[in-house]
Amino acid sequence: MESGTAPKVSEAANGAVSNGSSTETIEVLNPANGATIGSVAVDSAESVAATVARVRGNQAEWEALGVDGRYRWLGELRDWLFDNHERVLDTMQAETGKVRGDTMAETVYLTDLINFYGTKAAKFIGDETVRPHSALAASKKLMVQYRPYPVVGVISPWNFPLALALGDAIPALQAGAAVVVKPSEFTPLGLAEIVEAWKHEIGGPDVFDCVHGTGETGGALVDNVDFIQFTGSDRTGRKVMARAAETLTPVSLELGGKDPMIVLADADLDRAANAAAWGGMMNSGQICMSVERIYVEEPAYDEFVAKLTKEVGKLRQGPDSTGWDAEVGAMTSPNQTAIVKDHVDDALASGARALTGGKPVEGPGDYFEPTVLVDVDHSMKVMRDETFGPVVGVMKARDTEEALRLANDSRYGLSGSVFGEKNRAEQVARRIECGAVNVNDVLVNYLASDVPMGGWKQSGIGSRHGEGGIKKYCRPESVVITRFAGKREPTWYPYTRARRSLVGRIAQAFNARDLKRRLGLRG
Ligand code: NAD
């Protein structure tokens, strides 16, 4: 899924959040009612280069603070997030059209993530002393130090505008990199507010900034930084990777998904149906890890479908403020409703039935009805391509093997879930081809920062979270220290038969695995 239509760009107006001398601005809309709520000044390629150069100039000092010094600053940001929680959620709600309940998870996640990497960084990226595997290297002390890429660029989407922008910046900053974020042009305000707070309220070192704009600004960021962390559609991911290849800049790509859920016959069907409703409709289904496809073993199919339809059918949809008036909010990107409608119409035209929902909602704001489709198959877009809306397709599977075959029949491999008796469900889950699986739960692996979250197949390259989620922002530098030595090594000049054969005999004595060769009696 890609943002085909950019938001409205116009000449700079007073009051736009600005980074420089841009003459263009992007208007930010509230998708719940269509009202303009703010604007940001677009960064030109020159302005992106200048921002990167500025934070690059301050990075060495930031790195020199060490993990504890950097955690102290990020701890200030954590406390600011706690103290300004409602304000942060208000901005997020206004620019995304989320219901209040869907905004809460982001700050919970971010504050936990700051503590996770702050307390684990020394273990994850501290110096490693490595024991030589061979006695031949016994005279050396082997160490690895992890040095950050000086400037990391983060390019993020609109569905979780803070978790996927600040969330990927946190481990990079904790690693000692300077970070420049390009948030989605649809939802730039929340991140801009946090960068302003970092600079002016917290007074943090000048190593964290953002730039605004569409793909052009994103491309300029790719050109200028030393590592790119990209989250978005697989289509844009390919462009980012191709552009990064020009400068041999490493990338980590978190892309789209088409996550399957398997419901085994022995599942708790109430829990499975409630999980499918939440996992498919949360954030209006605009989650890379949303439950989009459900395969149910035949004996459980009818009961599961009835329970799911009932649960989805009673969800309250519409604009929400802080009143907890709805469970399902707006579609955030103006293009997304059209994509969702296209998938649903394609399925209905090919014989699928909508047991609830099935069309966009009339009236102000941008909404699509929470939808359960049955009689679907893999020839339909809704079971093949990323829908990214409040829609699930449910298929009956003859048995577990058929459910697994269908679950794995996808070009995506982000995550998935299996419901059933714990041990059996775990065995099935281990065979799903994706980066993360939840047993008897959905989406929850994202909050388990201890373990990697990344996509297989066309869902991505690399991962976030866990040890690898901070190590990827570092380059290992092996340090080999000579502990004791004479004036010259036996491998150095001069080359003589006697010295060379001594080296050969010693190496054979250590590396041969039988006594005769060790003693040099064969070969
Ligand atoms: P998108 O690919 O359209 O845009 C993502 C970001 O890339 C935006 O900031 C955009 O301005 C920027 N961009 C666009 N063209 C660019 C270019 N040529 N060079 C550099 N940057 C460019 O995605 P979206 O519509 O904002 O987000 C939805 C997609 O994100 C879905 O596919 C969803 O699955 C995916 N997503 C993935 C994860 C994950 O962790 N795997 C998480 C959330 C969303």
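Residues numbered from 1 in each chain as written. Predicted model: local features only at pLDDT ≥ 70, side-chain atom pairs only at ≥ 80, totals over all residues. Heavy atoms only, no water.

Trainee: Explain the environment of Gly420 to me, please; I cannot follow it from the model alone.
Mentor: Structurally, Gly420 is set in the loop between β17 (415–419) and α14 (422–429). For Gly420, the residues in contact, after removing those within four places along its chain, are Leu264, Asp266, Ala267, Ala425 and Asn440. (Helix = DSSP H or I, 4+ residues; strand = E, 2+ residues; numbered from the N terminus. Contact = heavy atoms within 4.5 Å.)

Trainee: Help me understand the pairing of strand β10 (residues 251–254), please; the structure alone is not making it clear to me.
Mentor: In regular strands, side chains alternate between the two faces of the sheet. Side chains of β10 alternate between two faces, with Val251 and Leu253 and Ser252 and Glu254 buried alike. Two strands pair when backbone bridges link them, and strand β9 (residues 227–231) and β10 are joined in this way by four bridges, in the parallel orientation. If you follow Thr231 over to β10, its bridge partner there is Glu254. Where the polypeptide runs from β9 across helix α8 (residues 234–246) and back to β10, its parallel neighbour, the crossover connection is right-handed. Pairing of β10 with strand β20 (residues 460–461) involves two bridges; the strand directions are antiparallel. Each residue of the ladder has a partner; that of Glu254, found in β20, is Gly460. (Buried < 20%, exposed > 50% of the residue type's maximum accessible area, 1.4 Å probe, protein only. Pairing = 2+ DSSP bridges. Right-handed = clockwise from strand over helix to strand, strands pointing away.)

Trainee: Just to check I follow, could you spell out the packing of aromatic side chains for this structure?
Mentor: To describe a pair of aromatic rings, one takes the distance between the centres and the angle between the planes. What the rule picks out here adds up to 11 aromatic pairs. Taking 5.4 Å as the distance between ring centres and 75° as the angle between the ring planes, the aromatic pair formed by Phe227 and Tyr473 counts as edge-to-face. Of this pair, Phe227 sits in strand β9 while Tyr473 sits in the loop between α15 (468–471) and β21 (474–482), and the two are 246 residues apart along the sequence. Here Phe227 falls in the buried class, since its relative accessible area comes to 4%. Put simply, the rings of Trp62, Trp73, Trp198 and Phe208 touch in pairs and so form one group of aromatic residues. (Phe/Tyr/Trp six-rings, centres within 6.5 Å; stacked < 30°, edge-to-face > 60°.)

Trainee: Is there a simple way to think about the side chain of Thr96 in this case?
Mentor: Tracing the sequence through the fold places Thr96 in helix α3 (residues 85–96). There is a polar contact of 2.6 Å between the side chain of Thr96 and the backbone oxygen of Met92. (Polar contact = N/O pair within 3.5 Å; in protein donor to acceptor, adjacent residues only side chain to side chain.)

Trainee: How do you make sense of the side chain of Gln59 when you look at a structure like this?
Mentor: Along the chain, Gln59 falls in helix α1 (residues 45–64). Given the relative accessible area of 7%, Gln59 is considered buried. Those residues in contact with Gln59 that sit more than four places away from it in its chain are Pro148, Pro150, Gly176, Ala177, Ala178 and Val207.

Trainee: What should I look at first to understand the pairing of β9 in this one?
Mentor: A large share of β9 lies buried, amounting to five of its five residues. Residues Phe227, Gln229 and Thr231 of β9 are buried on one face, and the alternating residues Ile228 and Phe230, pointing to the opposite face, are buried as well. When strand β6 (residues 151–155) meets β9, the two strands line up parallel, connected through four bridges. Bridging across to β9, Gly153 finds its partner in Ile228.

Trainee: Sorry, what's going on with the layout of surface pockets here?
Mentor: Gaps between atoms show up when a probe of the same size as a water molecule is rolled over them. Taken as a whole, the second largest pocket spans an internal volume of roughly 340 Å³. The greatest single-element share of the lining of the second largest pocket, amounting to three residues, is contributed by helix α4 (residues 100–125). Taken together, the residues of the lining of the second largest pocket break down into 15 nonpolar, one polar and two charged. (1 Å grid on protein atoms, 1.4 Å probe; cavity = no way out; pocket = protein on both sides within 12 Å on 5 of 7 lines; lining within 4 Å. Points joined across faces, edges and corners; volume = space filled by probe spheres on them. Nonpolar A, V, L, I, M, F, W, Y, C, P; charged D, E, K, R; others polar.)

Trainee: Whenever I open this one, the nonpolar core confuses me. Can you help?
Mentor: Among soluble globular proteins, nonpolar side chains are generally buried collectively. Phe208, Ile294, Phe304, Leu308 and Val394 are the most contacted members of the largest nonpolar core, which totals 104 residues. Residue contributions to this core peak at nine residues, all from α4. Of all hydrophobic cores here, the second largest spans 27 residues; its members include Phe368, Val391, Ala407 and Ala429. (Core = buried A, V, L, I, M, F, W, Y, C linked by side-chain atoms within 4.5 Å.)

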